[in-house]
Amino acid sequence: MLNICMKITDVRALQPIGENSPPDWRTSLGQILVAVDTDCGITGYGVGGGGLSGMHVVRTVLRDLLLGKNPEEIAQLWTDMYQATLAFGRKGIAVMAISGVDLALWDLRGKAENLPVVALLGGSPGERIPTYHTVWDNQGLSSASEHSGFKLHLGKVSDPVQQEVIISSIEQARLQMGTDRLLMVDAWMKWDVDSTISISREIAAFQIEWIEEPLSPDDLVGYAILKEKSAVPIAGGEHEFTSAAFGPLIRHKLHSVLQPDVCWCGGLTELIKIYTMANEADLRVCPHRGCEIWALHAIAALDPQPLAETGRPWMTWVEGQPEIQKGTIELSERPGFGLTFDEHTLKH
């Protein structure tokens, strides 16, 4: 257990910019590093989102709330942070900010107990977890041999000609990679119900593991239709926030595969709840960017079908992230999340 005298003395946030960070919202509203300091000299680190806006939430509302509190009470602190941001939060940037703080608290607990987070969750380090790689076109398939499979990002399908191109791309991908590896398709919220049904029927023969986010996360009616009519399982949840919002997806089984992003959905505290709810409903969880250390501990401890998606290549400022070797990734025994940060050298 943590030292009962431990108190939070500061909550800080900065936005490191990695090499080749994309010149769009993924940088301007992207990852933030959150640090939670204590009177015992231990600092926990987490990664959230929201850019400068997320940092403002951390430095004002969340910091004021947490100063002097016992960091061991993670569940209660999460509830307090959620309630403090309820008027302007519930989803989006406020929850992204909470995610970073929550992950920092879990890192802090692991360091205080000299245990990796995976052990706090009932698992153990050392298991090799299979990986899959996300590519944006068929040219990226050359790296597929290093992974258990890959996910192909595809564009809009607003007319039949575009649908034919997409179906052809998926067919060529399957032919290129063979039949012994997983193949997934990511529509990134740019399809509609009719096009998804049509495409799913054409590509089902290519052994597609899932179609990811074909519709807006708000289109629950559309997802209910796809649940019944899509010839390929539907995945989603990357852009959803909190276990409460995942509730309808799980109760009505609108997604066969749930993909919360631990740095956005509310942190590890919420990811644990989502795993519990999904397991009770016999649904699969495959966290977004699962190879990144923040989700990897939960995958290793909680997932009956562990599979980890490759992470953001521009997160070069994260030191201690385990390497992918021969299509698998493995956690170390280092305490907390097992990462180190030299704040003085970070570009921000």
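That block above? That's the structure.
The sections below set out a description of the structure shown in this document. On a predicted model such as this, the values are computed, not experimentally measured, just so you know.

1. Some remarks on the overall build of the protein
Secondary structure summary: the protein contains 11 helices and 12 strands in total. Across its three principal directions, the C-alpha atoms of the protein cover 60 × 45 × 40 Å. Counting the 348 residues in the protein, one finds 56% classified as buried. Within the protein, contacts between residues separated by at least 24 positions form 67% of all contacts whose residues are at least 6 apart in sequence. As displayed, the protein offers around 14500 Å² of accessible surface, 51% of which is attributable to carbon and sulfur atoms.

2. So, the nonpolar core
The biggest cluster of nonpolar side chains holds 97 residues, and the ones touching the most others in it are Val58, Val101, Ile170, Ile203, Leu268, Trp294 and Phe337. With residues near it in sequence (within four places) discarded, Ile203 still touches Ile167, Ile170, Val185, Ile208, Ile211 and Val232. Tyr132, Trp210, Ala235 and Cys286 belong to the second largest nonpolar core, which has 7 residues in total.

3. A short note on the sheet that holds strand S2 (residues 32-38)
Here we have 3 strands laid out as an open sheet, ordered S1-S2-S3, and antiparallel in their pairing. Strand pairing shows two members of the sheet lacking a second neighbour, strand S1 (8-14) and strand S3 (43-48), which therefore form its edges. Averaged over all adjacent pairs, the angle separating strand axes in this sheet is 20 degrees, with direction ignored. In this structure, S2 lies alongside S3, joined through 6 bridges in antiparallel fashion. Looking at S3, one finds that Val36 is bridged to Gly44. This element, helix H2 (residues 51-66), spans S1 and S2 of the sheet and lies at about 175 degrees to S1.

4. Re the pairing of S1
Put simply, side chains in a regular strand alternate between the two faces of the sheet. Among the 7 residues of S1, 5 are classified as buried, and the element is accordingly described as predominantly covered. As judged from the 6 bridges shared by S1 and S2, these two strands associate in the antiparallel manner. Bridge pairing in S2 links Ile8 to Thr38.

5. As for the packing of H2 against helix H4 (residues 93-113)
Their axes nearest at 9 Å, the elements H2 and H4 cross at an angle of 60 degrees. By the angle class used here, H2 and H4 are oblique. At the point where H2 passes H4, the crossing takes the right-handed sense. Counted together, Ser53, Gly54, Val57, Val58, Leu62 and Leu66 of H2 and Ile93, Ala97, Ile98 and Val101 of H4 form the full contact between these two elements. Among the residues making up the contact of H2 with H4, the classes are represented as 8 nonpolar, 2 polar and no charged.

6. Here's the deal with the layout of surface pockets
Considering only enclosed or pocket space, the largest pocket measures out at about 960 Å³ in volume. Taken together, 36 residues form the lining of the largest pocket, with Thr310, Gly311, Arg312, Pro313 and Trp314 sitting closest to its centre. Those elements that provide at least two residues to the lining of the largest pocket are helix H1 (25-28), strand S4 (128-135) and strand S5 (149-153). Residues of the lining of the largest pocket, tallied by class, amount to 15 nonpolar, 11 polar and 10 charged.

7. Here's the deal with unusual backbone geometry
Located in the positive-phi region is Arg90, a residue other than glycine, with phi close to 75 degrees. Classification of Arg90 by relative accessible area gives partly exposed; the value is 47%. Phi is positive for Lys253, which is not a glycine, with a value near 50 degrees. If you trace the backbone, Lys253 turns up in the loop between helix H9 (242-251) and strand S9 (257-258). What makes Lys253 partly exposed here is its relative accessible area of 40%.

8. Here's the deal with the environment of Glu202
The topology assignment puts Glu202 in helix H7 (residues 193-203). Glu202 sits 35 residues away from Ile167 along the chain, and the two C-alpha atoms are 7.0 Å apart.

9. Details of the pairing of strand S6 (residues 182-186)
Where burial is concerned, most of S6 is hidden: 4 out of the 5 residues are buried. Two strands pair when backbone bridges link them, and S5 and S6 are joined in this way by 5 bridges, in the parallel orientation. Looking at the pairing, Leu152 lines up with Val185 of S6. As defined by bridge partners, S6 adjoins strand S7 (residues 211-212) across 2 bridges and the pair is classed as parallel. Across the sheet, Val185 pairs through a bridge with Ile211, a residue of S7. As a crossover connection, the stretch from S6 through H7 into S7 is right-handed.

Reading guide: rules and limits
Residues numbered from 1 in each chain as written. Predicted model: local features only at pLDDT ≥ 70, side-chain atom pairs only at ≥ 80, totals over all residues. Heavy atoms only, no water. Helix = DSSP H or I, 4+ residues; strand = E, 2+ residues; numbered from the N terminus. Buried < 20%, exposed > 50% of the residue type's maximum accessible area, 1.4 Å probe, protein only. Contact = heavy atoms within 4.5 Å. Areas by Shrake-Rupley, 256 points an atom, 1.4 Å probe, with all protein chains shown as cover. Core = buried A, V, L, I, M, F, W, Y, C linked by side-chain atoms within 4.5 Å. Pairing = 2+ DSSP bridges. Axes fitted to C-alpha atoms, helices over the stretch in contact; angles between N-to-C directions. Parallel < 35°, antiparallel > 145°, perpendicular 65-115°, else oblique. Left-handed = near helix turned anticlockwise from the far one by under 90°. Nonpolar A, V, L, I, M, F, W, Y, C, P; charged D, E, K, R; others polar. 1 Å grid on protein atoms, 1.4 Å probe; cavity = no way out; pocket = protein on both sides within 12 Å on 5 of 7 lines; lining within 4 Å. Points joined across faces, edges and corners; volume = space filled by probe spheres on them. Right-handed = clockwise from strand over helix to strand, strands pointing away.

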